[in-house]
Amino acid sequence: QAFDGGLFGPRFTLSHIIEVLPVVSAQTESSLSMILSWLLHVRNSDMKSTFVVTGEFKHIGPDEQCNEFVMGALLEDGFIQSQVQRRERKIGFAMYCQAMLARETVSARLKIT
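Computed from a predicted model, the values in this text were never measured in an experiment.

This part covers helix α3 (residues 68-76). Within α3, 8 of the 9 residues are buried, which leaves the element mostly enclosed by the surrounding structure. With a side-chain oxygen positioned 3.0 Å from the backbone nitrogen of Phe69, the residue opening α3 is Asn67. Just past α3, the residue Gly78 takes up positive phi, approximately 80 degrees.

Okay, helix α2 (residues 26-40) next. Counted at 1.5 Å a residue, the expected span for α2 with its 15 residues is 21 Å, and the 20 Å between its end C-alpha atoms agrees. Among all positions in α2, only Glu29, Leu32, Ser33, Leu36, Ser37, Leu39 and Leu40 are buried. Here the buried residues of α2 occupy an arc of 160 degrees about the axis, which is enough to place them on one side. His41, located one to two residues past α2, shows a positive phi value of around 55 degrees.

What follows deals with the environment of Arg43. Within the fold, Arg43 resides in strand β1 (residues 43-44). Its relative accessible area of 14% is what places Arg43 among the buried residues. Once the C-alpha coordinates of Arg43 and Asn67 are considered, the two residues, 24 residues apart in sequence, prove to be 9.4 Å apart. Excluding its chain neighbours within four sequence positions, the residues that come into contact with Arg43 are Ser49, Thr50, Phe51, Asp63, Glu64 and Gln65. Of note is the side chain of Arg43, whose polar atom sits 3.4 Å from the backbone oxygen of Met47. Within the structure, Arg43 has its side chain in polar contact with the backbone oxygen of Ser49 (distance 2.6 Å).

A separate point is the nonpolar core. Counting residues in each nonpolar core, the largest one holds 25 residues, and the members touching the most others are Leu36, Met71, Leu74 and Ile80. It is α3 that contributes the most residues to this core, 6 residues altogether.

Turning our attention to the environment of Phe51. With respect to the helices and strands, the residue Phe51 is situated in the loop between β1 and β2 (64-65). Taking the relative accessible area as the measure of exposure, Phe51 reaches 19% and is therefore buried. Linking Phe51 and Trp38, residues 13 residues apart in sequence, is a C-alpha distance of 9.2 Å. Not counting residues up to four positions away in its chain, the partners in contact with Phe51 are Ser37, Trp38, His41, Val42 and Arg43.

With that settled, consider the packing of α2 against α3. With their axes 8 Å apart at the nearest point, α2 and α3 run at an angle of 130 degrees to one another. In terms of orientation, α2 and α3 fall into the oblique class. For the pair α2 and α3, contact is made by Leu36, Leu39 and Leu40 and by Val70, Met71 and Leu74, respectively. Taken together, the residues of the contact of α2 with α3 break down into 6 nonpolar, no polar and no charged.

Rules of the game
The residue count restarts for each chain, going from 1 along the sequence in the order it is written. Where totals are concerned, whole chains, interfaces and linings use all residues; where local detail is concerned, this predicted model gives features only for residues with pLDDT of at least 70, and gives and counts side-chain atom pairs only at 80 or more. For side-chain calculations, the full set of non-hydrogen atoms in the structure is used, while hydrogens and water are omitted. Only protein chains enter the accessibility calculation, which uses a 1.4 Å probe. A residue is then buried if its area is under 20% of the maximum for its type, exposed if over 50%, and partly exposed in between. For the purposes of this entry, the term helix denotes a DSSP run of H or I that reaches at least four residues, the term strand denotes a run of E that reaches at least two, and both are numbered from the N terminus. As used in this structure description, the phrase polar contact means that two N or O atoms lie within 3.5 Å; if the pair is within protein, one of them must be able to donate a hydrogen and the other to accept it, and residues adjacent in sequence are counted only when both atoms belong to side chains. To estimate the expected span of a helix, count its residues, drop one, and scale the result by 1.5 Å. Working note: the arc is built from the helix axis to C-beta atom directions. Contacts: residue pairs with any heavy atoms within 4.5 Å of one another. The set of buried Ala, Val, Leu, Ile, Met, Phe, Trp, Tyr and Cys residues whose side-chain atoms join them within 4.5 Å is what this entry labels a nonpolar core. Orientation is described by lines fitted to C-alpha atoms, with helices fitted over the stretch in contact, and by angles between N-to-C directions that extend from 0 to 180 degrees. Any angle that is under 35 degrees is reported as roughly parallel, and any over 145 degrees as roughly antiparallel; angles of 65 to 115 degrees are reported as roughly perpendicular and all others as oblique. Under the convention adopted here, Pro, Cys and the residues Ala, Val, Leu, Ile, Met, Phe, Trp and Tyr are nonpolar, Asp, Glu, Lys and Arg are charged, and Gly plus all remaining residues are polar.

The following block contains the structure:
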């Protein structure tokens, strides 16, 4: 949450990063995707395992967790939907949300989002 606004206040938020993705170069998009991947921080629930930034957005497995504030922002801005639809048909996004929200560890805040 400190990132979204943070030091720069409302002048720099996750929404600003997501907005520019369709209009930046492929190299810049790749860099921004790595940043978003790191902020989302999808990792195994076992904190002893190493966290690896891939820059790819994938289904969150039942044994994985993420930064739910960032996930909420990415869902609200349509970013996750666009990423899932790139690789799958529209039904893929519904299945993605269903699988994510069915996890026992997901918070009520994210379910409301």
